[in-house]
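Architecture and fold: a report
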Amino acid sequence: MTNKLIPLKIAGVGYSVPEKIITNEDLKELYDTSDEWIYTRTGIKERRVVCGEESAIDLGFKAAQNAIAKAKINVEDIDLIIAASSAPVDLYPAMACRIQAKLGIKNIPAFDVTAACSGLIYTLDMAKAFISSGMYKTVLIIAADNNSRLCDWEDRSVSILFGDGAGAMVVTQSDDGIDDILSIDIRADGSLGEFITLPLTGQNCPLVEPCEQKPSYVKMNGKEVYKFVVKVLPEYIDKCLKEANMKAEDVDYFIPHQANQRIIDAVQQRLGYSDEKVISNIKYYGNTSAASVPIALAEGVESGKIKLPSTAILCGFGAGMTWGVAIVRLREGIC
Ligand code: COA
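The present account deals with the structure reproduced in this document. Small disclaimer: the values here were computed from a predicted structure and weren't measured.

Side chains bearing opposite charge may pair, as long as their charged atoms lie close to each other. This structure, assessed with the given rule, holds 13 salt bridges. Residue K239 is joined to D185 by a salt bridge in which the shortest nitrogen-to-oxygen separation is 3.7 Å. Taken together, the residues span a long stretch of sequence, with K239 in helix α6 (residues 222–243) and D185 in strand β8 (residues 181–188) at a distance of 54 residues. Here the salt bridges share partners, and the residues they tie into one network are D176, D180, R329 and R331.

Put into structure tokens, the structure is as follows:
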């Protein structure tokens, strides 16, 4: 007996970013740096940060509402919520449960995935597995991060890079037999875990030894991350293109994780893509971790740079190290 896999439709995509903008010029109040140093090495001019009680949960909720509106579904149609973030706001309750409560949905499963900046591709792969097996019909995936709360704002080599934001996708069973996932693959290499870390240190029981409160911030070996990604990503994208029976020129857009403009440029060169095909908004948002791919996608459509219907290579990479690529069909009206 053969099990027929059910095709998947990307039905809606949404995003949300905080209002507050911090420019490279503003950062000069914190440490010795310059707009020129940051922009030439990263492509970043400014980033958005949460204020007051605002968090990735609020951003994720708004992004989810936008994706649900675009998908033209009711919240009651959602069978499963998966939230991805590099660092969830709380370890528990899960961010997915918090957003589920804000959406007013009960009695469906909701859980978080931590795959760092590959989170959107990881959750899309999981959604595909759940939908294609027939287990669930409609899955809401949310990628949200508030990195600005996790940076050491005295560390000028890391805090310049990150910004806050959220993206969301509603994925459903396809109603026309067409699968929007042309190829998808996710990977990890835990032996490279020390490249990017955010320890949750906690403290030992005071009866064991005196407590020492250790600060917990994002630490990154930027050079090693850069070398690894530039080496691995182009070959990996080639592999995913082959699996989709496509050549680079057959795909309309490249929507990469927005980590560093120099990384995006290096991969663009390998793919032989013109600037029109490559979506980059790192200049205005910095690295929003798991959220960067859906933000770039939805904002690219909003700004008119991405035309629908079309096809795109989505790719993420980040702490773990984790990485993933999805070659997808983008239908009219999804964002
Ligand atoms: N402003 C001015 N000078 C700075 C600075 C800043 N914001 N940050 C670091 N510097 C200085 C360093 O102190 C160092 O000075 P020194 O030579 O006197 O010691 C010099 O600039 C070079 O620092 P270095 O850390 O070697 O810079 P770099 O060329 O590797 O660039 C990154 C740093 C982070 C921009 C770069 O490594 C990078 O983008 N890596 C990839 C990060 C990434 O994509 N992460 C993805 C996470 S998903």
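Another point: helix α7 (residues 261–271). Among all positions of α7, only Q261, I263, I264, A266, V267, Q268 and L271 are buried. Contacts from the buried residues of α7 go to α2 (35–42), α6, β11 (253–256), α8 (282–285) and β12 (310–318). At the N-terminal boundary of α7, the capping side chain belongs to N260, with an oxygen 2.6 Å from the backbone nitrogen of R262. Positive phi appears at G272, one or two residues downstream of α7, with a value of about 70°.

This paragraph deals with the sheet that holds β12. Ordered by their spatial adjacency, four strands build an open sheet running β8-β13-β12-β11, and the pairing between neighbours is mixed. If you trace the sheet from one side to the other, it starts and ends with β8 and β11, each paired once. When strand polarity is set aside, the average angle formed by the axes of neighbouring strands in this sheet is 15°. Most of the contacts of α6 go to strand β13 (residues 322–330), to which it runs at about 40°, and overall it touches β8, β11, β12 and β13. Contacts between α7 and the sheet are confined to β11 and β12, with β11 contributing the most and set at about 150° to the helix.

Turning our eyes to something else, we now look at the site of the ligand. The environment of the ligand is formed by 23 residues, the closest being T33, R156, G222, K223 and N260. The contact in question runs from a nitrogen atom of the ligand to an N or O atom on the side chain of W37, over 3.4 Å. For the ligand, an oxygen atom lies 2.4 Å from a polar atom in the side chain of K223. Contact with the protein chains covers 72% of the free accessible surface of the ligand, which is 970 Å². Contributing elements (two or more residues each) for the shell around the ligand: α2, α6, α7 and β12. Per-element accounting of the shell around the ligand gives the leading share, four residues, to α6. Of the residues belonging to the shell around the ligand, the class tally is ten nonpolar, eight polar and five charged. Both domain 1 (8–173) and domain 2 (181–330) contribute no fewer than three residues apiece to the shell around the ligand.

Rules and cut-offs
Residues numbered from 1 in each chain as written. Predicted model: local features only at pLDDT ≥ 70, side-chain atom pairs only at ≥ 80, totals over all residues. Heavy atoms only, no water. Salt bridge = Lys/Arg side-chain N within 4 Å of Asp/Glu carboxyl O. Helix = DSSP H or I, 4+ residues; strand = E, 2+ residues; numbered from the N terminus. Buried < 20%, exposed > 50% of the residue type's maximum accessible area, 1.4 Å probe, protein only. Contact = heavy atoms within 4.5 Å. Polar contact = N/O pair within 3.5 Å; in protein donor to acceptor, adjacent residues only side chain to side chain. Pairing = 2+ DSSP bridges. Axes fitted to C-alpha atoms, helices over the stretch in contact; angles between N-to-C directions. Near = heavy atom within 4 Å. Areas by Shrake-Rupley, 256 points an atom, 1.4 Å probe, with all protein chains shown as cover. Nonpolar A, V, L, I, M, F, W, Y, C, P; charged D, E, K, R; others polar. Domains from an automatic or database assignment.

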